[in-house]
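Working through the structure, step by step
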Amino acid sequence: MLRYEFVADGSAYRLDCVDRPIPEPAAGNVVVRVRAASLNYRDLVHLRNKAGRDVAGRVPLSDGAGEVVAVGSQVSNVNVGDRVLGCFFQTWSSGSFEMAHHQAALGGTADGMLAEYVELRAGGIIPMPESLTFEEAACLPCAGLTAWTALVSRGQLRAGQSVLVLGTGGVSIFATQFAAAMGCSVFATSSSDEKLARAKELGATHLINYRTTPDWDKAIWQLTNKQGVDHVIEVGGPGTLEKSIAAVRAGGHIALIGVLTGFGSFNGSLFPLVAKNATLSGMYVGSREDFLAMNDFISRHGVRPAIDRVFTFDQAAAAFDYLERGEHVGKVVISIAK
C-alpha cells in the first residue's frame, strides 16, 4: 500500500510517497481503508517545522474517513465494512483532558491518515454520519470537533447568543455553521469580501473586512450596542487576542484555538479580560464522547461540511501548498479512493 511520510529536508520536512505493507491489526485494533483525508493548519506547521517538532517518518494528517477491512482480537463493537472516522486523540474517550493523550495524536505523535490503509484503536474510531460522503466526513475529526467543543461542550452555546469567528478556515466555518444551526448570530472577519460572501452563504450574519476595517473590534462593539459578543473563536493567537478580548462581552467566552499569527508572546493587556469577568479557554480538539454528540447534531440538523477543494492522492504536496496560500474557505480535502 502507498502512504506519505514526513522526511527531513534541511530545516523543515518534505512529503515522500512510499510503499509499505498493509498493516495487520493488533489486539484491540482495526485496519481502515482510507477513502478521504483533510488538512488542518497543524499539518502545515509540521511540514514547515514551525513548532520545532520531530515528525520524521510520521504519516501526516489527523483527519480521515474510510471503511474497516480487518478487525483484531478483543474487538467486539466493530465490523468489517463499517464506515468510520478516526479520533484525533486515540485515547481520549471522555472526561477531562490528560497530557498523556498527546502521545496518541494522529498525524503528530502517532501515524496519521494520509495513507491507503491505517491501523487504529477500536476505541479510537466512531461511525460516520450516514448523510455525509467520505470527503465531507473527513473534515470532522479536528476542525469540526474543535469548533463544536469550543462552542458547545466548553462554551455552552445557547440559541440567541452571538459568535465571532476570525477568518474563513475550517474551524471558523464549522463554528459559523453550528452557531447558525442553533439560531445564533455570527460575526465573521476576513481580508476578502469574496470570502465573506461565502461565509454569509454558510450562516454568517455580520461581515467585517479587517483590511478595510482594521479596528474590527471597535466595529463589533458598535454593532452589538456596546455589549460585545458572547463567544469568540480565536484562531489567530497573539496577534489578534487583544482585539478579541476587546470584542467579547462581560461574562463572555473566548476559545483560544489557533496560532495563525505565530508562536510569539502576547504583548497586550489581559486586564480587560479580568474586568469583564470573561473566560479564556485553551482548546485542543475534543473527546470521543464530544465527537459522537457533534455527529448526532450534524445528522439532525443537516449540516454539511464546507469543502473548498478536493485533491487526488498523488496531489498531496499541491494540497499543502494550496492550504498555505490561504485562498480557501472551509476545508481542503485529499481523496484516496481508487
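As a starting point, this report considers the structure included with it. This is a predicted model, so every value here is computed, not measured.

What counts, and at which threshold
Residues numbered from 1 in each chain as written. Predicted model: local features only at pLDDT ≥ 70, side-chain atom pairs only at ≥ 80, totals over all residues. Heavy atoms only, no water. Helix = DSSP H or I, 4+ residues; strand = E, 2+ residues; numbered from the N terminus. Rg over C-alpha atoms; globule rule 2.2 N^0.38 Å. Buried < 20%, exposed > 50% of the residue type's maximum accessible area, 1.4 Å probe, protein only. Contact = heavy atoms within 4.5 Å. Arc of directions from axis to C-beta. Polar contact = N/O pair within 3.5 Å; in protein donor to acceptor, adjacent residues only side chain to side chain. Pairing = 2+ DSSP bridges. Axes fitted to C-alpha atoms, helices over the stretch in contact; angles between N-to-C directions. 1 Å grid on protein atoms, 1.4 Å probe; cavity = no way out; pocket = protein on both sides within 12 Å on 5 of 7 lines; lining within 4 Å. Points joined across faces, edges and corners; volume = space filled by probe spheres on them. Nonpolar A, V, L, I, M, F, W, Y, C, P; charged D, E, K, R; others polar. Right-handed = clockwise from strand over helix to strand, strands pointing away. Parallel < 35°, antiparallel > 145°, perpendicular 65-115°, else oblique.

So, the overall build of the protein
The secondary structure content of the protein amounts to ten helices and 15 strands. Relative to a compact globule of 338 residues, whose C-alpha radius of gyration would be 20 Å, the protein shows 20 Å and is just as compact. Once the C-alpha set of the protein is aligned to its principal axes, its extents read approximately 60 × 45 × 35 Å. Scored against the burial criterion, the 338 residues of the protein give a buried share of 54%. For the protein, restricting intrachain contacts to residue pairs at least 6 apart in sequence, the fraction spanning at least 24 positions comes to 70%.

Focus on helix α5 (residues 193-201)
Restricting attention to buried positions, one finds in α5 the residues Lys195, Leu196 and Ala199. Down the axis of α5, the buried set is contained in an arc of 100°. They therefore lie on one face. Exposed and oriented more than 90 degrees from the buried face of α5 are Asp193, Glu194, Lys200 and Glu201. For α5, the secondary structure elements touched by its buried residues are α4 (170-181), β9 (185-190) and β10 (206-209). You can read the cap of α5 off the contacts: a side-chain oxygen lies 3.2 Å from the backbone nitrogen of Glu194, and it is on Ser192. Count one or two residues on from α5 and you reach Gly203, which has phi positive near 130°.

Describing unusual backbone geometry
Located in the positive-phi region is Gln156, a residue other than glycine, with phi close to 55°. Position of Gln156 among the secondary structure elements: in the loop between α3 (140-153) and β8 (162-166). Gln156 gets classed as exposed once you look at its relative accessible area, which sits at 52%. Residue Asn277 is not a glycine yet carries a positive backbone phi of 55°.

What to know about the sheet that holds β8
Spatial strand order, β10-β9-β8-β11-β12-β13: six strands in an open sheet with parallel pairing. At either margin of the open sheet sits one strand with a lone partner, and together these are β10 and β13 (279-282). Taken pair by pair, the neighbouring strands of this sheet meet at an average axis angle of 15°, ignoring direction. As defined by bridge partners, β9 adjoins β10 across four bridges and the pair is classed as parallel. Its bridge partner being in β10, Thr189 is matched across the sheet by Ile208. Strands β8, β9, β10, β11 (229-234) and β12 (248-256) of the sheet are contacted by helix α6 (residues 216-223), whose axis makes an angle of about 155° with β10.

Comments concerning the layout of surface pockets
One simple way to see leftover space: roll a probe sized like a water molecule over the atoms. When its volume is computed, the second largest pocket comes out at roughly 270 Å³. Lining the second largest pocket are 17 residues, and of these Asp111, Gly112, Val118, Glu119 and Leu120 sit closest to its centre. Element by element, the count of residues in the lining of the second largest pocket is highest for strand β6 (residues 117-121), at five residues. Split by residue class, the lining of the second largest pocket holds ten nonpolar, three polar and four charged.

Here's the deal with the environment of Gly203
With respect to the helices and strands, the residue Gly203 is situated in the loop between α5 and β10. With a relative accessible area of 18%, Gly203 lands in the buried category. Along the backbone, Gly203 and Ile173 are 30 residues apart, and their C-alpha atoms lie at a distance of 9.0 Å. The residues contacting Gly203, other than those within four sequence positions of it, are Thr176, Ala180 and Val186.

With respect to the pairing of β9
Burial within β9 is extensive, with five of its six residues counted as buried. Where β8 and β9 come together, five bridges link them in parallel fashion. Directly across from Leu166, in β9, lies its bridge partner Thr189. Handedness of the crossover joining β8 and β9 through α4: right-handed. As for the winding sense of the linkage, the β-α-β connection from β9 through α5 to β10 is right-handed.

Concerning the packing of α3 against helix α9 (residues 288-301)
For the pair α3 and α9, the least separation of the axes is 10 Å and the interaxial angle reads 90°. Between α3 and α9, the interaxial angle falls into the category roughly perpendicular. Note on element contacts: α9 touches α3 through Asp290, Phe291, Ala293, Met294, Asn295, Phe297 and Ile298, opposite Leu140, Pro141, Gly144, Leu145, Trp148, Thr149 and Ser153. Looking at the contact of α3 with α9 residue by residue, the classes come out as nine nonpolar, four polar and one charged.

Describing the side chain of His253
Mapped onto the elements of the fold, His253 is located in strand β12. Judged by relative accessible area, which is 8%, His253 ranks as buried. Within the local environment of His253, its side chain forms a polar contact with the side chain of Ser281, the two groups lying 2.8 Å apart. The residues touching His253, leaving out its near neighbours within four places in the chain, are Ala150, Arg154, Gly155, Asp230, His231, Val232, Val248, Thr279, Ser281 and Met283.

Function cannot be read off these values alone, since they describe shape.
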